[in-house]
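# A structural walkthrough
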Amino acid sequence: MKKAMLGVVIVAGFFYFLRGGKPTIKNYPNNNRAVVAFGDSLTAGYGASAGNSYPDILAQKISRPVVNLGVSGDTAANAPTRLPDVLAEQPYMVLIEFGANDHMRQQSRTAAINAVAQIVDEVQKAGAIAVIVDTGGPGMGEYTKAYKRMAKEKNALFVPGIMKGIFFKPSLKSDQIHPNDKGYAKVADKVHKVIKAYL
């Protein structure tokens, strides 16, 4: 029995490395091209100078356009109403960044998480790769746990804590909440690190 189990593990490991060691991600690869950044002010680039939002910087790193559909102040609970705009781009990949405004306004965390799950489902149904981008700000640990679990269950990519290492550093921020140009560059680095193998 032990030998049989060992054989299964070895075979599974062999196929894992044949795939380049990457986990199975739904809709990778697909025939579309557009990368869409869908989120709130952190996606829109509030506090950045022109051309220095994280989607702008990410576009330079991946040498393809990144459509910025960030709206300052938007919540996860409201975001599904904007999905038609996202899907109209016929996306290859959608970067989904929501939850901070729901948290700060003390709105239902369950409703926010369910809305993000709905977005992931609709994005995947459209044939695109879903990427859950976690804010990771103060007090948002339950969001992080839920998003990480969701990504695993739905075979989506997960970008942890984009504000980690930024939130408490005034030199990387434009105000009490939002990054400045240098801060957004770090956000772009974090997103790029996760998605680069799937482009």
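Keep in mind that what you see is a predicted model, and the values were worked out from it rather than measured.

## As for helix H7 (residues 141-154)
For H7, spanning 14 residues, the distance from its first C-alpha to its last is 20 Å, which sits close to the expected 20 Å at 1.5 Å a residue. Of the positions making up H7, those classed as buried are Tyr143, Ala146, Tyr147, Met150 and Ala151. The arc that holds the buried residues of H7, viewed along the axis, is 135°, so those residues lie on one side. Every exposed residue of H7 that faces more than 90 degrees away from the buried side is listed here: Lys145, Lys148, Lys152 and Glu153. Just downstream of H7 lies Asn155, where phi reads positive at about 55°.

## Here's the deal with the confidence of the model for the protein chain
Here the protein chain shows a mean pLDDT of 92. Residues at 70 or above account for 89%. Ignoring residues within four places in sequence, the model shows residues 4-19, a span with pLDDT below 50, making three contacts including any to other chains.

## Some thoughts on helix H8 (residues 181-195)
Across its 15 residues, H8 extends 21 Å between first and last C-alpha, which sits within 8% of the 21 Å expected from 1.5 Å per residue. When H8 is considered as a whole, its buried residues turn out to be Gly183, Tyr184, Val187, Ala188, Val191, His192 and Ile195. Where the residues of H8 are buried, they touch helix H2 (41-44), helix H3 (54-62), strand E3 (91-97), strand E4 (129-133) and strand E5 (157-159).

## Observations concerning the packing of H3 against H8
One way to put it is that H3 packs onto H8 with a least axis distance of 8 Å and a crossing angle of 50°. Overall, the two elements H3 and H8 adopt an arrangement that is oblique. Relative to H8, the crossing made by H3 is right-handed. Contacts between H3 and H8 involve Tyr54, Ile57, Leu58, Lys61 and Ile62 from the first element and Asp181, Tyr184, Ala185, Val187, Ala188, Asp189, Val191, His192 and Ile195 from the second. Residues that form the contact of H3 with H8 fall into these classes: 10 nonpolar, one polar and three charged.

Calculation rules
- Residues numbered from 1 in each chain as written.
- Predicted model: local features only at pLDDT ≥ 70, side-chain atom pairs only at ≥ 80, totals over all residues.
- Heavy atoms only, no water.
- Helix = DSSP H or I, 4+ residues; strand = E, 2+ residues; numbered from the N terminus.
- Expected span 1.5 Å × (residues − 1).
- Buried < 20%, exposed > 50% of the residue type's maximum accessible area, 1.4 Å probe, protein only.
- Arc of directions from axis to C-beta.
- pLDDT = per-residue confidence, 0-100.
- Contact = heavy atoms within 4.5 Å.
- Axes fitted to C-alpha atoms, helices over the stretch in contact; angles between N-to-C directions.
- Parallel < 35°, antiparallel > 145°, perpendicular 65-115°, else oblique.
- Left-handed = near helix turned anticlockwise from the far one by under 90°.
- Nonpolar A, V, L, I, M, F, W, Y, C, P; charged D, E, K, R; others polar.

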